[in-house]
Amino acid sequence: MRVGDWSVNPGLNQIRRGDEVIRLEPKVMEVLSFLAAHPGEVVSREALLAALWPGIIVGDDSLTQSVIKLRKAFGDDSRKPVYIQTIPKRGYRLLAPVGDEAAQTSEGNAPAGTESRGRRSPARPRRSMLALASIGGVLLVLVAAWLVWTGRNDLPGLGEKTMPVSDLPSLVVLPFANLNKDPTQDYFSDGLTGDLTTALSHLKSLWVIAPYTALSYKGLPTKASDVADDLGVRYVIEGSVQQAGARVRVNIQLTDARTMQQLWAGRFDRQIGDLFAIQDEIVHRIVAALGVSLSDHERKRLYHRYTRSVEAYDLFLRGREAYARQDSDDNARAQELFGRAIALDPNFARAYAALGLTCIDDWRFQWSADAERGADEALRLVRHAVELDGDLPEAYWALSFVQLYRRDPQDAIHAANQALALDPNYADAFVTLALSTAYAGDPKRAIGLVGTGMKLNPHYGDSYRSALGLAYFLVGQYEKAVPVQKEAIDNNPERIQSRLALAATYVKLGRQADAEWQGIEVLGIKPGFTLDKIERLIPFRTDSELQAYKALLRKAKLK
């Protein structure tokens, strides 16, 4: 078929214009195919999610990212669209004309039933769902969409809504602009953004979008109303930061995106030593503008300072930025920075918790010569963080994460619940609780917990998808596990855990060729990989569960 001046070949997952050929991810092609089946019509997000992710919990981010990739492929501008128009609060409309085209010659056939090998492997065509579906299958997709549009959700899996919607005042803190124009200073503006988000998320009377999702808007030309529509929030906080010698300048505003009324705006130009006082005042003004009622305990915690050393805080922010990159060199750099922060302030609980996370990751991925002592050292550090500050949600979450990978899910559950009691908006804590609950023997409950984390962090990363895929696998819902695990891989092709989980799922489904293909992918990403220490990546509680999982992976030709 043709869409505008592009030739579209769903069988090859590609679009062509003259000599220009662009390959699309399979799910992106499915979105395009579905929109092309309804040219000029407004197709709701609910219809697209129900048709293309049937019966699976996914956040709106999966669809949003697919549309963004389509626009990029077409060279379309969301502000002046020629191909795909966003209809706020309704859905999407394909503007470009759609026409028929003679069937195109396919190129290169893959072994039957095998999946794409991702970035590291030779390109192979991947068939989209709509291109391979029988007439009856296509009709089922269209019926699914019709049922959503007409409000009928009586068929299993259609229009399933498991992610809770909160009636609390909802907000997002967008990434503060770095007015220094120096990318090496982004850690500072991003750090202030994250800590303001964290301070507000501690309040039970607010629904706060997680920092990871907020950072996905970094550097993009955004309007408060558009962001509010995307995330389903009412209030948007925006700001900028500039460091000039010994001074720091912060501009900030709080907007009611429903009315576009500015509820509060502030400008601060002070000595860098006054940074913590600036943060306290910003939080105070926002809470007052929102009319939020605080308990005595919340009021005390809201202005709690993690450290009194601005220099230690700066080192902590630098370490957190390095840790987020998740590789061996940056992990070592983060360890150094957190250690220096602790040397300046031996009571800096957040730095101890963060240092513990670097140690457990070093142990999990065997990144250094000292990795073997990492699990014990991680536990010592995060427990010390809890001892230093028993009101710090991040310390309990770190303890939960460490205990999860030490194969102690019950302690991990207890610590995650402590983190959520202190911070009810802690998306990562919901997902760690979900994983711990799944490994402890209740994967059905874990599915709902991941859904809550996804709602709080709509632009979630591959770890959330991986957690949901694991829960589906442990429940025995293998057909649901496959697309979620594949999305995790699409988001991060080098994530070993997701490929192992997908291989095991394929074995359960009797899809031997697909399972072996994922095993080949694992060895391509990490040559020399063996199953001898797999429990560090996939921490089953008992040896019998671990051995059963290994047996599945051996059928995928892993050793």
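Conventions we followed
Residues numbered from 1 in each chain as written. Predicted model: local features only at pLDDT ≥ 70, side-chain atom pairs only at ≥ 80, totals over all residues. Heavy atoms only, no water. Helix = DSSP H or I, 4+ residues; strand = E, 2+ residues; numbered from the N terminus. Buried < 20%, exposed > 50% of the residue type's maximum accessible area, 1.4 Å probe, protein only. Areas by Shrake-Rupley, 256 points an atom, 1.4 Å probe, with all protein chains shown as cover. Pairing = 2+ DSSP bridges. Axes fitted to C-alpha atoms, helices over the stretch in contact; angles between N-to-C directions. Parallel < 35°, antiparallel > 145°, perpendicular 65-115°, else oblique. Left-handed = near helix turned anticlockwise from the far one by under 90°. Contact = heavy atoms within 4.5 Å. Nonpolar A, V, L, I, M, F, W, Y, C, P; charged D, E, K, R; others polar. Phe/Tyr/Trp six-rings, centres within 6.5 Å; stacked < 30°, edge-to-face > 60°. Lys NZ or Arg CZ within 6 Å of the ring centre and 35° of its normal. Polar contact = N/O pair within 3.5 Å; in protein donor to acceptor, adjacent residues only side chain to side chain. 1 Å grid on protein atoms, 1.4 Å probe; cavity = no way out; pocket = protein on both sides within 12 Å on 5 of 7 lines; lining within 4 Å. Points joined across faces, edges and corners; volume = space filled by probe spheres on them. Expected span 1.5 Å × (residues − 1). Core = buried A, V, L, I, M, F, W, Y, C linked by side-chain atoms within 4.5 Å. Salt bridge = Lys/Arg side-chain N within 4 Å of Asp/Glu carboxyl O.

Novice: How would you sum up the overall build of the protein? Please name residues and give values.
Specialist: Counting secondary structure elements, the protein contains 23 helices and 14 strands. By residue count, 54% of the 559 residues in the protein fall in the buried class. When the accessible area of the protein is evaluated, it comes to approximately 24,500 Å², of which 51% is carbon and sulfur surface.

Novice: Summarise the sheet that holds strand E1 (residues 2-3); cite the residues concerned and give the values.
Specialist: Strands sit in the order E4-E3-E2-E1-E8 across an open sheet of five strands; the sheet is antiparallel. Since the sheet does not close on itself, it has two edges, and those belong to strand E4 (20-23) and strand E8 (98-99), each with one partner. Bridge analysis of E1 against strand E2 (residues 6-9) gives two bridges, and the strand direction is antiparallel. Counterpart to Arg2 in the pairing with E2 is Ser7.

Novice: Report on the packing of helix H21 (residues 496-508) against helix H22 (residues 512-525), specifying residues and quantitative values.
Specialist: Where H21 contacts H22, the two axes come as close as 8 Å, and the packing angle between them is 160°. Between H21 and H22, the angle is such that the two are roughly antiparallel. You can see that H21 and H22 cross each other, and the crossing is left-handed. For the pair formed by H21 and H22, the contact residues are Ile496, Arg499, Leu500, Leu502, Ala503, Tyr506 and Val507 on the first element and Asp514, Ala515, Gln518, Glu521, Val522 and Ile525 on the second. A breakdown of the residues in the contact of H21 with H22 according to their chemical character gives nine nonpolar, one polar and three charged.

Novice: Account for the packing of aromatic side chains, naming residues and giving values.
Specialist: For the coordinates displayed, the defined rule picks out 15 aromatic pairs. With 4.5 Å between their ring centres and 5° between their planes, Phe74 and Tyr83 make a pair best called stacked. Each member of the pair, Phe74 together with Tyr83, is buried. Ring geometry for Phe316 versus Phe348: centroids 5.4 Å apart, planes at 45°, classification tilted. Taken together, the residues Phe316 in helix H11 (residues 310-324) and Phe348 in the loop between helix H12 (328-344) and helix H13 (349-365) connect sequence positions 32 residues apart. Given a relative accessible area of 0%, Phe348 falls into the buried group. One aromatic cluster is present, formed by Tyr439, Phe473, Tyr478, Phe540 and Tyr549 through successive ring pairs. Just above the ring of Tyr306 sits the side chain of Arg350; from NZ or CZ to the centre is 4.2 Å. The side chain of Arg364 reaches across the aromatic face of Tyr405, ending 4.0 Å from its centre.

Novice: Explain the side chain of Asp195 residue by residue, including any values.
Specialist: Among the secondary structure elements, Asp195 is positioned in helix H6 (residues 186-201). Side chain to side chain, Asp195 and Arg350 meet in a polar contact 3.1 Å long. Not counting residues up to four positions away in its chain, the partners in contact with Asp195 are Gln279, Tyr313, Leu317, Arg320 and Arg350.

Novice: Can you tell me about the sheet that holds strand E7 (residues 91-94), naming the residues and giving the values?
Specialist: Strands sit in the order E5-E7-E6 across an open sheet of three strands; the sheet is antiparallel. For this open sheet the edge positions go to strand E5 (42-44) and strand E6 (84-87), each flanked by a neighbour on one side alone. If you compare each strand with its neighbour and ignore which way they point, the axes differ by 30° on average. Sheet topology note: the E5/E7 ladder contains three bridges and is antiparallel. Within E7, the residue paired with Val42 across the bridge is Arg93. Its contacts with the sheet place helix H1 (residues 26-36) against E5, E6 and E7, and it is angled at close to 70° to E7. Contacts from helix H2 (residues 45-52) reach E5 and E7 within the one sheet, and its direction differs from that of E5 by about 60°.

Novice: So what's going on with empty space enclosed by the protein? Residues and values would help.
Specialist: Using the criterion set out here, one finds one cavity of 30 Å³ or more in the structure. Looking at the largest cavity, it is lined by 25 residues, and the ones nearest its centre are Asp195, Ala199, Gln279, His304 and Tyr306. Going through the elements one at a time, H6, helix H9 (275-290) and helix H10 (296-302) are the ones with two or more residues in the lining of the largest cavity. Looking at the lining of the largest cavity element by element, the count peaks at seven residues for H9.

Novice: An account of H9 is needed here, citing residue identities and associated values.
Specialist: A rise of 1.5 Å per residue sets the reference length of H9, with its 16 residues, at 22 Å; its end C-alpha atoms lie 23 Å apart and thus fit the reference within 8%. Here H9 has its buried residues at Leu275, Phe276, Ile278, Asp280, Ile282, Val283, Ile286, Val287 and Leu290.

Novice: So what's going on with the nonpolar core? Residues and values would help.
Specialist: The biggest cluster of nonpolar side chains holds 147 residues, and the ones touching the most others in it are Leu196, Leu200, Ile286, Leu500 and Tyr549. Those residues in contact with Leu500, other than ones at most four positions away along the chain, are Val522, Phe529, Ile534, Ile538, Tyr549, Leu553 and Leu558. Grouped together as the second largest cluster of nonpolar side chains are 29 residues, Leu24, Ala47, Val67 and Ala96 included.

Novice: Residues and numbers for the packing of helix H15 (residues 393-405) against helix H16 (residues 409-422), please.
Specialist: Between H15 and H16, the least distance of the axes is 8 Å, while the angle of their chain directions is 160°. Taken together, the axis directions place H15 and H16 in an arrangement best described as roughly antiparallel. Crossing geometry of H15 relative to H16 is assigned as left-handed. On H16, the residues that touch Pro393, Tyr396, Trp397, Leu399, Ser400, Gln403 and Leu404 of H15 are Pro409, Asp411, Ala412, Ala415, Ala416, Gln418, Ala419 and Leu422.

Novice: I'd like to hear about the pairing of E7, residue by residue, with values.
Specialist: As defined by bridge partners, E6 adjoins E7 across four bridges and the pair is classed as antiparallel. Within E7, the position partnered with Ile87 by the bridge is Gly91.

Novice: Could you give an account of the pattern of salt bridges, naming the residues involved and the relevant values?
Specialist: Enumeration according to the criterion identifies 30 salt bridges in this entry. Two residues, Asp296 and Arg299, come together in a salt bridge whose shortest N-O distance is 3.2 Å. Within this pair, Asp296 and its partner Arg299 are both found in helix H10, separated by three residues, close to a single helical turn. Put simply, Arg407 and Asp543 hold a salt bridge, and the shortest N to O gap is 3.1 Å.

Novice: I'd like a rundown of the environment of Asp100, residues and numbers included.
Specialist: Within the secondary structure, Asp100 is located in the loop between E8 and helix H4 (129-132). Judged by its relative accessible area of 79%, Asp100 falls in the exposed class. Sequence separation of Asp100 and Met1 is 99 residues, and the distance between their C-alpha atoms is 4.4 Å.

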